[in-house]
Amino acid sequence: GRVRELAKKTRQERGAWRPDTLNEEFLSYVARLSWAESGPRLAKEFLAEKGIALIVLPALPRTRLDGAAMLGDDGAPIVGLTIRHDRLDSFWFTLIHELAHAWKHISDSKLAITDENIEEEQDEDAKETEANRLAREAFIPRSVWKRSEAFLRPSVETIHALSDKLHVSPAIIAGRLRREKVGYSTFSRLVGSRQVHRQFPEVKWG
């Protein structure tokens, strides 16, 4: 409810919404903004230009809520993020995941999809599976991932090489390797810890 309220209050700060805006190319473009040091802020500004609200709020106490997607009264997507994990890899994956929901799974402004503990991929329904697939593909195409040196021989060097090739943040590649292959104790310095909250100083973080 708070996300909807803030999106409505700030509607005049965003551009006009076009229903044909969201597609795979759009998701990939947003993903490429991750390559910039100020990527999260650039993403918020770019989405606003396209009429899409990105509302950032502190995580609710005693919850594991990471993100939500819904439509405003004008049909424009609204994405809410809590940045519960102050890491770049978590921010970017959650953002693209929620944009995928807004594109594929919500057609009524009365509906909303909320995601808890988004990094766990257990007992998913079809919508969550599709949103995860679209998010992964936006950052690293399937045709590239399993054949990449970063996947075959994970190291700081191969992660940065793939990052440079794809123009995405190395945090995204490191985060995916941690989830899929090497475990969460590896590459901790590459996932962008404590680098998201500071890009949204207007938020009163707990």
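The notes below deal with the structure included here.

## Brief notes about the packing of helix α8 (residues 156-166) against helix α9 (residues 170-182)
- Where α8 meets α9, the closest approach of the two axes is 8 Å, and the angle between their N-to-C directions is 125 degrees. Relative to α9, the element α8 lies oblique. Crossing of α8 over α9 shows right-handed handedness. When α8 is examined against α9, the residues I159, H160, L162 and S163 are found in contact with a partner set consisting of P170, I173, A174 and L177.
- Along the lines of polarity and charge, the residues of the contact of α8 with α9 split into 6 nonpolar, 2 polar and no charged.

## Looking at the sheet that holds strand β3 (residues 77-81)
- Spatially, 4 strands are ordered β1-β3-β2-β4 in an open sheet, and the strand pairing comes out mixed. Whereas interior strands pair on both sides, the edge strands pair on one side only; in this sheet they are β1 (53-56) and β4 (112-116). Neighbour to neighbour, the strand axes of the sheet diverge by 15 degrees on average, direction disregarded.
- Judged from the 5 bridges that link them, strand β2 (residues 65-71) and β4 form a sheet pairing that is antiparallel. Opposite A68, over in β4, you have T114 as the bridge partner.

## With respect to unusual backbone geometry
- Positive phi, close to 60 degrees, is recorded for H167, a residue that is not glycine.
- Inspection of the secondary structure puts H167 in the loop between α8 and α9.
- Judged by its relative accessible area of 38%, H167 is partly exposed.
- Phi is positive for R194, close to 60 degrees, though the residue is something other than glycine.
- Residue R194 is classed as exposed on the basis of its relative accessible area of 65%.

## As for the pattern of salt bridges
- For the coordinates displayed, the defined rule picks out 12 salt bridges.
- The salt bridge involving R18 is made with D20; its shortest N-O contact spans 3.2 Å.
- On the accessibility criterion, R18 (54% relative accessible area) is exposed.
- E130 is the partner of R133 in a salt bridge, and the nearest nitrogen-oxygen pair spans 3.8 Å. A residue pair is termed a helical-turn pair when its members lie 3 or 4 positions apart in one helix, as R133 and E130 do in helix α5 (residues 126-139) at 3 residues.
- Among the residues examined, R133 registers a relative accessible area of 31% and is labelled partly exposed.
- Three or more residues joined by partner-sharing salt bridges are found here, namely R2, E5 and K9.

Reading the values: rules and limits
Residues numbered from 1 in each chain as written. Predicted model: local features only at pLDDT ≥ 70, side-chain atom pairs only at ≥ 80, totals over all residues. Heavy atoms only, no water. Axes fitted to C-alpha atoms, helices over the stretch in contact; angles between N-to-C directions. Helix = DSSP H or I, 4+ residues; strand = E, 2+ residues; numbered from the N terminus. Parallel < 35°, antiparallel > 145°, perpendicular 65-115°, else oblique. Left-handed = near helix turned anticlockwise from the far one by under 90°. Contact = heavy atoms within 4.5 Å. Nonpolar A, V, L, I, M, F, W, Y, C, P; charged D, E, K, R; others polar. Pairing = 2+ DSSP bridges. Buried < 20%, exposed > 50% of the residue type's maximum accessible area, 1.4 Å probe, protein only. Salt bridge = Lys/Arg side-chain N within 4 Å of Asp/Glu carboxyl O.

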